[in-house]
Amino acid sequence: MSMRQELLHFIRSELVGGTDPNSINEQTQLIDSGVIDSMALMRLITFVEERTGVRIPDDEVLPDNFQTVEEIEALIARLKSR
Amino acid sequence: MKSEVVIVGGGPAGASSAMFLLEQGVKPVILEAEDFPRYHIGESMTGAGGKAVRDLGLEAEMYKRGYPTKQGVNVYGNSERSSWWVPVTGRDENWNLFAWDTWQVRRSDFDKMLLDEAVKRGATLLKGKAQKPILADDGTVVGLEAKMADGGVQRMMSDVLLDCSGQATWLANTKMATGPKYLGAYDKQIAIFSQVRGAIRDHDGTRQKHKDNTIIFYKKKYHWAWFIPLDEDVVSVGIVIPSSYFLDRKETPHDFYVRELHELHPLLAARIPEIELAEAVHVIPNYSFQVKNFCGRGFMCIGDSHRFIDPIFSFGLTVAMREAQFAAPVIRSYLNGENRDAANPFAAHQLRCEKGIDILEDVLDSFWEHPLAFALFVHSRYTEFMTDMFAGRIYEHERQPSPALFAFRKLLGREGMREASYENDDLYSVPIGSRYHPERAPLWEEDAADVETTEAWLGPR
């Protein structure tokens, strides 16, 4: 699975509350639309760190970095290139 | 008359100062205008506040009086799942964390107990109202003039004058000794509060769901409520909101309060199915301020008399009592002749206190500005350090600034680290925000000068 697929799979299977998992794609607004709440977001951060070995720096723990799967991918790429 | 130390105000800052001074062999005079008991807000302690009470030898008394034992703080965000809790803790001599109790106190009772105890231990209590400090030619504070209960004016001379007048900020308002008083970061907020009977409490036998814990509910940024049990039946509940929101509603404080109890948060509403108030609805607007140069030749300000940020995590009693504890040995040394000729004999004490409260302010700012990071730090990344901050272990000798605080300062200063410079009293360099800045509109208006007591400051009963 690609990182994108893994992220989508994790979000669909582990994090969504009342939302239809199949309606979520890489551009779905996860936070502003309330698909995932703050507790779920914390689990997502932990998942990303464990899966990629990249630690999200303290000053990157900002909701804007996690709005969509695409943005999470971009964050991971940016952190890996540091 | 003459006393080595004269204390203005007999609340927790004043009574604690007196008792810690007595331990140092100093017998102070306390000047208090009001008859105790009297109503006061600020009912919850942190772990370090509980330690200060224990250091005064009052633990058994606290349990005897049956004050609710607070074992933690539960915070409920805008969804039921986005909640978290922080336990009340202490640190042993090896800096290992342990679970501890602290207390919720009905202030009328607690403050009277402290003041009575200070008198029992040897402090002299005089009834009267401080008018103005007496200054020597070189500007040193050498005493004060007080209007006594019998109507006479008395000059009370002192080696050290302690302002423990709380949010009345008596000494700062005289503009004769301290630096100026500025509005603080949360000066646009307003607190509306009362006491509620019969609220539904947690009780499942765990520390997390202990019936006497503090609960905080927040609806959105700057809009939240506290829930602090005061006995088996009565709970202090306060609503804190931006002043503009309150004014826009055009409701009386009572109507506003009752409606907010229903509407602010579903979990709060569920705990108060029927609203029966045990106390009038009180209002404190624009409560946030800071006094610069709050220590100097012949004087110190302790607790709220020099700074108040925000009530959200209940640091008021803790800071007042801890500053009193820090001050006592410093005053003892000064009376022994140390630093007598320094431009500010208490500069080190002042800096220690200032840095501690700056840490608190950074924590509070981070709570509102970076809730995601805040929750992550509490839950997993910096749990232990966050526990310390919630306990009020905020001073440099308590391993501060901690990694969590550095992280917050990074987040708050997105273009760089948010830092305060302590080198020049008037030039605090803060990259974002303006709360320390001298140009910030000073709370230095004529009407503030008329505020003579904490009660007057607290507004209508």
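The model shown is predicted, which means the values in this text are computed figures rather than measured ones.

Thresholds applied
Sequence order sets the numbering: in each chain, residues are counted from 1 along the sequence as written. To label them, take the chains in the order written and letter them from A, then take the ligands in the order written and number them from 1. Given that this is a predicted model, residues contribute local features only at a pLDDT of at least 70 and side-chain atom pairs are listed and counted only at 80 or more, while totals for whole chains, interfaces and linings are drawn from all residues. Hydrogens and waters are ignored; side-chain quantities use all the structure's heavy atoms. By definition in these notes, contact holds between two residues if any of their heavy atoms fall within 4.5 Å. Put simply, buried area is how much 1.4 Å-probe accessible surface two parts lose in total, over both of them, once they are put together. Each salt bridge in this description consists of a side-chain nitrogen of Lys or Arg and a carboxyl oxygen of Asp or Glu lying within 4 Å of one another. The term polar contact refers here to a pair of N or O atoms within 3.5 Å; inside protein, the definition further demands a hydrogen-donor-capable atom paired with an acceptor-capable atom, and it admits residues adjacent in sequence only when both atoms are side-chain atoms. Here the term charged refers only to Asp, Glu, Lys and Arg, the term nonpolar to Ala, Val, Leu, Ile, Met, Phe, Trp, Tyr, Cys and Pro, and the term polar to all other amino acids, Gly among them. Here, nonpolar core means buried Ala, Val, Leu, Ile, Met, Phe, Trp, Tyr and Cys residues that are tied together by side-chain atoms lying within 4.5 Å of each other. When a residue's accessible area, from a 1.4 Å probe over protein chains only, is under 20% of the maximum for its type it is buried; when over 50% it is exposed; and in between it is partly exposed. Between any two strands, pairing holds if DSSP finds at least two bridges. The numbering of helices and of strands both runs from the N terminus, where a helix is a DSSP run of H or I of at least 4 residues and a strand a run of E of at least 2. Cavities and pockets were defined on a 1 Å grid built over protein atoms only: a cavity is a set of grid points that admits a 1.4 Å probe from which the probe cannot escape, a pocket is an open set flanked by protein on both sides within 12 Å along at least five of seven lines, and lining residues are those with an atom within 4 Å of any such point. Grid points are joined across faces, edges and corners, and a volume is the space filled by probe spheres set on the points. Ring pairs shown here join Phe, Tyr and Trp side chains whose ring centres sit within 6.5 Å, with only the six-membered ring taken for Trp; geometry is labelled stacked below 30 degrees between planes, edge-to-face above 60, and tilted in between. Angles here are taken between N-to-C directions and fall from 0 to 180 degrees, while the axes themselves are lines fitted to C-alpha atoms, restricted in helices to the stretch in contact.

Engineer: Describe in detail the interface of chain A and chain B, supporting the description with residues and values.
Structural biologist: Where interface size is quoted, it is often the accessible area lost as the parts come together. Of the residues lining the interface, 16 residues belong to chain A; the matching set on chain B comes to 17 residues. When chain A packs against chain B, close to 1500 Å² is buried across both sides, 60% of that on carbon and sulfur atoms. Joining chain A to chain B, the criterion identifies 2 salt bridges. Of the charged contacts, one joins Arg381(B) and Asp58(A) as a salt bridge, the two residues approaching to 3.0 Å between their closest N and O atoms. Here chain A is connected to chain B by 4 residue pairs in polar contact (both at pLDDT 80 or more). The residue inventory of the side of chain A that touches chain B, partitioned by class, reads 10 nonpolar, 1 polar and 5 charged.

Engineer: Now, about the nonpolar core: what can you tell me, with residues and values included?
Structural biologist: Membership of the largest hydrophobic core comes to 78 residues, with the highest contact counts inside it found for Leu44(A), Trp84(B), Phe313(B), Phe367(B), Phe374(B), Phe377(B) and Met386(B). Ranked by size, the runner-up nonpolar core spans 62 residues in total, among them Val105(B), Leu114(B), Ala118(B) and Phe346(B).

Engineer: How would you summarise the sheet that holds strand β21 (residues 307-308) of chain B if you had to cite specific residues and measurements?
Structural biologist: All names here are of chain B. The sheet built from 3 strands is open, its strands ordered β12-β18-β21 with antiparallel pairing. With partners counted over all chains shown, the strands left at the sheet margins are β12 (181-183) and β21, one partner each. Alignment of β12 against strand β18 (residues 289-291), held across 3 bridges, turns out to be antiparallel. Bridging from a neighbouring strand, Tyr182 pairs with Gln290 of β18.

Engineer: Give me the lowdown on the side chain of Asp58(A), citing residues and values where you can.
Structural biologist: Looking at where Asp58(A) falls in the secondary structure, it is placed in the loop between α2 (38-52) and α3 (69-80). By relative accessible area, Asp58(A) is classed as buried at 11%. Among the polar contacts listed, one links the side chain of Asp58(A) to the side chain of Arg381(B), at a separation of 3.0 Å. Once you skip the residues sitting within four places of it in the chain, Asp58(A) turns out to touch Phe377(B), Arg381(B), Tyr382(B), Ala407(B) and Leu411(B).

Engineer: Kindly report on the layout of surface pockets, identifying the contributing residues and their values.
Structural biologist: There is about 520 Å³ of room inside the largest pocket. Of all the secondary-structure elements, those providing two or more residues to the lining of the largest pocket are α2 of chain A together with β14 (214-220), α10 (347-369) and α11 (371-381) of chain B. Its residues placed into classes, the lining of the largest pocket shows 11 nonpolar, 7 polar and 5 charged.

Engineer: Describe the environment of Leu247(B), and please don't skip the residues or the numbers.
Structural biologist: Examined against the element boundaries, Leu247(B) turns out to sit in helix α6 (residues 243-249). For Leu247(B) and Ile357(B), which are 110 residues apart along the polypeptide, the C-alpha to C-alpha distance reads 30 Å.

Engineer: Quick one: what's the story with the packing of aromatic side chains, residue by residue and with numbers?
Structural biologist: All names here are of chain B. If you walk through the whole model with that rule in mind, you get 29 aromatic pairs over all chains. Relative to Phe217, the ring of Tyr76 lies with its centre 5.6 Å away and its plane at 20°, an arrangement referred to as stacked. Of this pair, Tyr76 sits in strand β4 (residues 72-76) while Phe217 sits in strand β14; the two residues are 141 residues apart in sequence, bridging distant segments of the chain. Using a relative accessible area of 7% as the deciding quantity, one classes Tyr76 as buried.

Engineer: Lay out the sheet that holds strand β15 (residues 223-229) of chain B with the relevant residues and their values.
Structural biologist: Residue and element names in this part refer to chain B. On the basis of which strands lie adjacent, the open sheet formed by 7 strands has the order β5-β4-β14-β15-β16-β13-β17 and mixed pairing. Strands at the two margins of the open sheet, each flanked by one partner only, are β5 (83-87) and β17 (282-285). Sheet twist, expressed as the mean angle between neighbouring strand axes with direction ignored, is 15°. Relative to β14, β4 is paired through 4 bridges, and the arrangement is parallel. Across the sheet, the residue bridging to Val75 is Ile216, located in β14.

Engineer: Explain the pairing of β15(B) to me, and be specific about the residues and the numbers.
Structural biologist: Residue and element names in this part refer to chain B. Burial runs high along β15: 7 of the 7 residues are buried. Of the two faces of β15, the one carrying His223, Ala225, Phe227 and Pro229 and the one carrying Trp224, Trp226 and Ile228 are both buried. When β14 meets β15, the two strands line up antiparallel, connected through 5 bridges. The residue bridging Ile215 from the neighbouring strand is Phe227, located in β15. What sits between the antiparallel neighbours β14 and β15 is a turn of 2 residues, in which Tyr222 has the positive phi angle 65°. Pairing analysis gives 6 bridges linking β15 to strand β16 (residues 234-242), with the strands arranged antiparallel. Pairing of Ile228 across the sheet is with Ser236, part of β16. Linking two consecutive strands that pair antiparallel, namely β15 and β16, is a turn of 4 residues.

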